[in-house]
Amino acid sequence: GLLQYGTDAYPEARDALSRYIQLTPNAGPAFALRGLCEFEIGDYTPALNDIQHGLSLGAANQPRNEKILHYHEALLLTRSGNFEAAIQKYATFAGGNVPNPEFLVGIGLAGLRTPLLPRELRADKQELYSAVGSATFHFLSGDEKAAQQEFQDLFQRNPTIPNLHFLYGYLLFPRDADAGIAEFRREIEIAPTSAPANAMLAWGWLIKNNPAEALPYAEKAVAQDPAFPTGQLVLGRALVETDDVKRGIEHLEKELQLEPNNLETHLALAKAYSKSGRKEDARRERLLCLEITKGEDAPVAP
């Protein structure tokens, strides 16, 4: 498998690695390398599954392998529509040198919520996505002054492009919630049906302990995209905290169908079950929270 991968014989390498995995089921590097083969031949869903499984089995223990695998994981997360998770993976490269121009385009694709690989993007769009990737990379690397200037230049040159204000707001929000909310409002002016922007506006009201103000934004987010996990989470929380516990639990349980290991949702469900008198269910959720926090990659809302 290794030899065939080295000569770009990806289908043959994949098959050899599959036979090796049958003999050695916990071989993390073999899963990861099979994922890279699948990536090259366009089998993107199994590629992401294999790379993530390989990483969970220690395939990234060598620094060089870690960068290659996390980069491909970020590309595949973007292509599958899991944009926030992709940006979090790109953040692991922050502070270092940019490996190649394709890397910036990859970040730009995640940032503008475009489910493509860099090689699938039209040539006339490469410059825009590279510029978005550069601004995002500078922000992730801690150079917020340079990032701010780059984002302002992008806003001036692309005043109506969707998801650009949302991206900047998403980056700002953990450090300056009010500045992030201002960007989400600008996004709504450009794209009123943006489920992510409405969901994050709802989240902003929730962290200010104002679930009544959060509720209409959360309802819009779920109406616009029922499959958007953060929308289901914020609607569930807003409903529970405005005493519509039954409906809130329904939406929190829907969120878990989308993201079974989301710590934030399990915490919210524990509270909701307790509030509704379902003590055993609440206890189960609290135990699950303890299990999840033992892992390194427990997904939580931004």
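This one's a predicted model, so the numbers in the text were calculated from it and none came from an experiment.

1. A few points about the packing of aromatic side chains
In the structure shown here, the tally under the stated rule is 14 aromatic pairs. Ring geometry for F93 versus F103: centroids 5.2 Å apart, planes at 70°, classification edge-to-face. One end of the pair, F93, is in the loop between α6 (83–90) and α7 (101–111); the other, F103, is in helix α7, with 10 residues separating them in the sequence. With centroids separated by 6.1 Å and ring planes inclined at 55°, the aromatic side chains of F155 and Y168 adopt a geometry described as tilted. Taken together, the positions of F155 in helix α9 (residues 144–157) and Y168 in helix α10 (residues 164–172) put the pair 13 residues apart, joining distant regions of the chain. Judged on exposure class, the residue F155 and its partner Y168 are both buried.

2. Describing the pattern of salt bridges
Scanning all chains against the criterion turns up 17 salt bridges. Between R14 and D15 there is a salt bridge; the shortest N-O distance is 3.2 Å. Residue class for D15 comes out partly exposed when judged on its relative accessible area of 34%. With a closest N to O distance of 3.0 Å, K275 and D243 form a salt bridge. With K275 in helix α16 (residues 263–275) and D243 in the loop between α14 (229–241) and α15 (245–258), the pair connects residues that are 32 residues apart, well separated along the chain.

3. Observations concerning the environment of R79
Examined against the element boundaries, R79 turns out to sit in helix α5 (residues 63–79). Residue classification places R79 among the partly exposed residues on the basis of a relative accessible area of 30%. C-alpha separation for the pair R79 and L117, spaced 38 residues apart in sequence, amounts to 6.2 Å. Apart from residues lying up to four places away in sequence, R79 is in contact with Y44, P115, L116, L117 and E120. Within the local environment of R79, its side chain forms a polar contact with the side chain of E120, the two groups lying 3.1 Å apart.

4. Notes on the nonpolar core
One finds Y90, F103, F151 and L164 to be the most contacted residues of the largest nonpolar core, which totals 92 residues. With 8 residues, the top contributor of residues to this core is helix α12 (residues 195–207). Not counting residues within four places of it along the chain, the set of residues in contact with L164 comprises L112, V132, F151, L154, F155, N158 and E187.

5. Observations concerning the packing of helix α4 (residues 44–56) against α5
Closest axis-to-axis distance for the α4/α5 pair is 10 Å, and the angle between their directions is 140°. The angle between α4 and α5 places the two elements in the oblique class. For the pair α4 and α5, the crossing hand works out as left-handed. Contacts between α4 and α5 pair Y44, A47, L48, I51, Q52 and L55 from the former with L69, H70, H72, E73, L76, L77 and R79 from the latter. Looking at side-chain class alone, the contact of α4 with α5 contains 8 nonpolar, 3 polar and 2 charged residues.

6. Overview of the confidence of the model for the protein chain
When pLDDT is averaged along the protein chain, the result is 93, and 97% of the positions lie at 70 or above. Taken together, the stretch residues 296–302 has pLDDT below 50 and engages in 17 contacts with residues farther than four places along the chain or on a different chain.

7. Structural notes on α5
With 17 residues, α5 ought to run about 24 Å at 1.5 Å a step, and its terminal C-alpha atoms sit 25 Å apart, in line with that. Summarising the contacts, the buried residues of α5 are in contact with α3 (28–41), α4, α6 and α7. In the segment just after α5, G81 is the residue with positive phi, at about 90°.

8. Describing the packing of α6 against α10
What describes two packed helices is the angle between their axes and the distance between those same axes. With their axes 13 Å apart at the nearest point, α6 and α10 run at an angle of 55° to one another. Comparing the axis directions of α6 and α10 gives the class oblique. Where α6 crosses over α10, the handedness of that crossing is right-handed. Of the residues in α10, those touching α6 at E84, I87 and Q88 are F166, L167 and Y170.

Criteria and thresholds
- Within any chain, residue numbers begin from 1 and follow the written order of that chain's sequence.
- Note on the predicted model: pLDDT of at least 70 is required for a residue's local features to be given, and 80 or more for side-chain atom pairs to be given and counted; whole-chain, interface and lining totals, by contrast, use all residues.
- No hydrogens and no water enter the side-chain calculation; it runs on all heavy atoms of the structure.
- A pair of Phe, Tyr and Trp rings is counted when the ring centres sit within 6.5 Å of each other, with Trp represented by its six-membered ring. The angle between the planes then sorts it: under 30 degrees is stacked, over 60 is edge-to-face, the rest tilted.
- Secondary structure elements are taken from DSSP: a helix is a run of H or I of four residues or more, a strand is a run of E of two residues or more, and numbering for both begins at the N terminus.
- Whether a residue is buried, partly exposed or exposed follows from its accessible area with a 1.4 Å probe, protein chains only, as a fraction of its type maximum: under 20%, in between, or over 50%, in that order.
- Salt-bridge detection follows one rule: a side-chain nitrogen of Lys or Arg within 4 Å of a carboxyl oxygen of Asp or Glu.
- In this analysis, two residues are considered to be in contact whenever any of their non-hydrogen atoms come within 4.5 Å of each other.
- Polar contacts, as counted here, are pairs of nitrogen or oxygen atoms within 3.5 Å of one another; within protein the pair requires one atom able to donate a hydrogen and one able to accept it, and residues that are adjacent in sequence qualify only if both atoms are side-chain atoms.
- As used in this record, nonpolar core signifies buried Ala, Val, Leu, Ile, Met, Phe, Trp, Tyr and Cys residues forming a set joined through side-chain atoms within 4.5 Å.
- As a rule, the C-alpha atoms of each element are fitted with a line to give its axis, helices using only the stretch in contact, and angles between N-to-C directions run from 0 to 180 degrees.
- Roughly parallel means an angle under 35 degrees; roughly antiparallel, over 145; roughly perpendicular, 65 to 115; everything else is oblique.
- Should the near helix be turned counterclockwise from the far one by less than a right angle, the crossing is left-handed, whereas a clockwise turn marks it as right-handed.
- In this count, Pro and Cys sit with the nonpolar residues alongside Ala, Val, Leu, Ile, Met, Phe, Trp and Tyr, while Asp, Glu, Lys and Arg are called charged and the others, Gly among them, polar.
- Values of pLDDT, the confidence the predictor places in each residue, fall between 0 and 100.
- Helix span, expected: 1.5 Å multiplied by one less than the number of residues in the helix.

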